[in-house]
Amino acid sequence: MTTRKKPKVYITRKLPEAIETRMRELFDAELNLDDRPRTQPELVAAVKSADVLVPTVTDRIDAALIEQAGPQLKLIASFSNGVDNIDVEAAARKGITVTNTPNALTEDTADMTMALILAVPRRLTEGARVLTDNHGEWAGWSPTWMLGRRIFGKRIGIIGMGRIGTAVARRAKAFGLSIHYHNRKRVSPQTEEELNATYWDSLDQMLARVDIVSVNCPSTPATFHLMSARRLELMQPTSFIVNTARGDVIDEDALIKSIRSGKIAGAGLDVFEKEPSVNPKLLKLAEQGKVVLLPHMGSATLEGRIDMGDKVIINIRTFCDGHRPPDRVLPARI
């Protein structure tokens, strides 16, 4: 009896040890033990030799790279929920299947979104800095010191009521926020009833009426700078915006101007338009306590990363067994 050859799998970043071990057991897996971001020439070499490419959201898998893929590359099993970094249509033209890892990071990202919703109006990072910057010395409690804004009883406007947006809404409702949302289509009547949610067909109208805006939509050509200078102008001067989706959904320069001028009260950002670079003007606003900045850690839990890795493994095994992988991503034109 002949043993079937293991597929050659190229993994672009370091993954949890349990996932890497399982990858080595099942596949001819090339790991990235030092977690150094792969260069474009290294990615070119990988697509020319590997049967399966396992990229992450930080790898740019564009049409030019896909065009250089060898005939043996038949699967791009992305270790990510979003696939905005992959030219899915170019892959389809080349006969390459693309998969992702949906659902694995929903609850973790929603938790971090809620953390920012609390942190920005309640000035949590400012308060923490008072103690750390002054080695524990502070003047003590005062009735008018470090006053933030209450979130109970306020309105939250969720942009993108998918899995993560809905999970954010459930958390926000538990904190006493009134749920408003804008989406391509309405959620089910049962979900609206559960959340007592108000649907806005017009994003512009919703923005003018809510106190907190949470960006939870994917990055697509249609959502690029969805929160433009014009739309930021519609927000109330006491309102905040939180983004744990993708940086390019917000016009970052316009956001900075809106906060500087007092058109909006502040922002909580886990993602950035030029990531991993962060606009120095945003850093300055963070020093002034007007924004809270996090280094894209919304889904960063060990449990979540293991769940993602398990999904990648299932997608690879299913595909290599000749079946349709459960998390296949289809081109938008299909």
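Residues numbered from 1 in each chain as written. Predicted model: local features only at pLDDT ≥ 70, side-chain atom pairs only at ≥ 80, totals over all residues. Heavy atoms only, no water.

Within an unreviewed UniProt entry, the label attached to the chain reads Glyoxylate reductase, and the organism entered is Rhizobium aquaticum. Looking at the Sequence similarities (unreviewed entry) heading of the UniProt record, one finds this comment for the chain: "Belongs to the D-isomer specific 2-hydroxyacid dehydrogenase family." (UniProt positions renumbered as here; feature names shortened; annotations may be inferred.)

## Focus: the environment of Arg93
If you trace the backbone, Arg93 turns up in helix 4 (residues 88-93). Judged by relative accessible area, Arg93 falls into the exposed class, the value being 59%. (Helix = DSSP H or I, 4+ residues; strand = E, 2+ residues; numbered from the N terminus. Buried < 20%, exposed > 50% of the residue type's maximum accessible area, 1.4 Å probe, protein only.)

## Quick look at the packing of aromatic side chains
With the rule as written, the count across this model stands at two aromatic pairs. An angle of 50° between the planes, with centres 5.1 Å apart, marks the rings of Tyr181 and Tyr199 as tilted. With a gap of 18 residues between them, Tyr181 in strand 7 (residues 178-182) and Tyr199 in strand 8 (residues 198-199) connect regions that are remote in the sequence. The exposure classification of Tyr181 matches that of Tyr199, with both residues buried. (Phe/Tyr/Trp six-rings, centres within 6.5 Å; stacked < 30°, edge-to-face > 60°.)

## What about a nonpolar patch on the surface?
The grouping of Leu131, Trp138, Trp141 and Trp145 at the surface amounts to a nonpolar patch, some 530 Å² of accessible area in total. By the secondary structure assignment, Trp145 is in the loop between helix 6 (124-133) and strand 6 (155-159). Given a relative accessible area of 40%, Trp145 falls into the partly exposed group. (Patch = residues over 30% accessible without salt bridge, like charges linked within 9 Å, V, L, I, M, F, W, Y side chains within 5 Å. Areas by Shrake-Rupley, 256 points an atom, 1.4 Å probe, with all protein chains shown as cover. Salt bridge = Lys/Arg side-chain N within 4 Å of Asp/Glu carboxyl O.)

## Brief notes about the packing of helix 11 (residues 252-260) against helix 12 (residues 280-287)
Where helix 11 contacts helix 12, the two axes come as close as 10 Å, and the packing angle between them is 30°. Comparing their axes, helix 12 and helix 11 come out roughly parallel. For the crossing formed where helix 11 meets helix 12, the hand is left-handed. From helix 11, Glu252, Ile256, Ile259 and Arg260 reach across to helix 12, where they touch Lys281, Leu282 and Leu285. (Axes fitted to C-alpha atoms, helices over the stretch in contact; angles between N-to-C directions. Parallel < 35°, antiparallel > 145°, perpendicular 65-115°, else oblique. Left-handed = near helix turned anticlockwise from the far one by under 90°. Contact = heavy atoms within 4.5 Å.)

## Concerning the environment of Ile313
Here Ile313 shows up in helix 13 (residues 302-320). A sequence separation of 259 residues divides Ile313 from Val54, and the C-alpha atoms of the two residues are 9.9 Å apart. Once residues lying within four places of it in the same chain are set aside, the contact partners of Ile313 are Ile19, Arg22, Met23, Leu26 and Phe27.

## So, the pairing of strand 6
The element strand 6 is extensively covered by neighbouring structure, given that four of its five residues are classed as buried. Across five bridges, the pairing between strand 6 and strand 7 is parallel. Paired with Gly157 across the two strands is His180, which belongs to strand 7. Chirality of the crossover, the property in question, places the unit of strand 6, helix 7 (residues 163-174) and strand 7 among those that are right-handed. (Pairing = 2+ DSSP bridges. Right-handed = clockwise from strand over helix to strand, strands pointing away.)

## Description of the pattern of salt bridges
Within this structure, the stated rule accounts for 16 salt bridges. Of the charged contacts, one joins Glu20 and Lys14 as a salt bridge, the two residues approaching to 3.2 Å between their closest N and O atoms. Classification of Lys14 as partly exposed rests on a relative accessible area of 39%. Arg171 is the salt-bridge partner of Asp111, the closest N and O atoms lying 2.7 Å from each other. Pair noted here: Asp111 is in helix 5 (residues 106-122) and Arg171 is in helix 7, with a separation of 60 residues, a long-range link. Members of the salt-bridge network, linked through shared partners, are Glu107, Asp111 and Arg171.

## Some words on the packing of helix 1 (residues 17-26) against helix 13
For any two helices packed against each other, the geometry is given by the interaxial angle and the distance between the axes. Packing of helix 1 against helix 13 leaves a shortest axis separation of 10 Å and a crossing angle of 15°. In terms of axis orientation, helix 1 runs roughly parallel to helix 13. At the point where helix 1 passes helix 13, the crossing takes the right-handed sense. Contacts between helix 1 and helix 13 involve Ile19, Arg22, Met23 and Leu26 on the former and, on the latter, Ile306, Gly309, Asp310, Val312, Ile313 and Arg317.

## Structural notes on empty space enclosed by the protein
What the rule picks out here adds up to one cavity of 30 Å³ or more. What the largest cavity holds in volume is close to 30 Å³. Lining the largest cavity, in full, are Asn243, Gly247, Ile250, Glu252, Leu255, Leu269 and Val271. Class assignment of the residues belonging to the lining of the largest cavity gives a composition of four nonpolar, two polar and one charged. (1 Å grid on protein atoms, 1.4 Å probe; cavity = no way out; pocket = protein on both sides within 12 Å on 5 of 7 lines; lining within 4 Å. Points joined across faces, edges and corners; volume = space filled by probe spheres on them. Nonpolar A, V, L, I, M, F, W, Y, C, P; charged D, E, K, R; others polar.)

## Observations regarding the nonpolar core
Ranked by internal contacts, the top residues of the largest apolar core, which has 48 residues, are Met23, Val54, Ile117, Ile156 and Ile316. A total of seven residues in this core trace back to one element, the largest contributor, which is helix 5. Setting aside residues no more than four positions away along its own chain, Val54 makes contact with Val9, Tyr10, Ile11, Thr12, Ala77, Phe79, Val312 and Ile316. Counting 29 residues, the second largest nonpolar core, distinct from the first, contains Leu207, Val213, Ile241 and Ile256. (Core = buried A, V, L, I, M, F, W, Y, C linked by side-chain atoms within 4.5 Å.)

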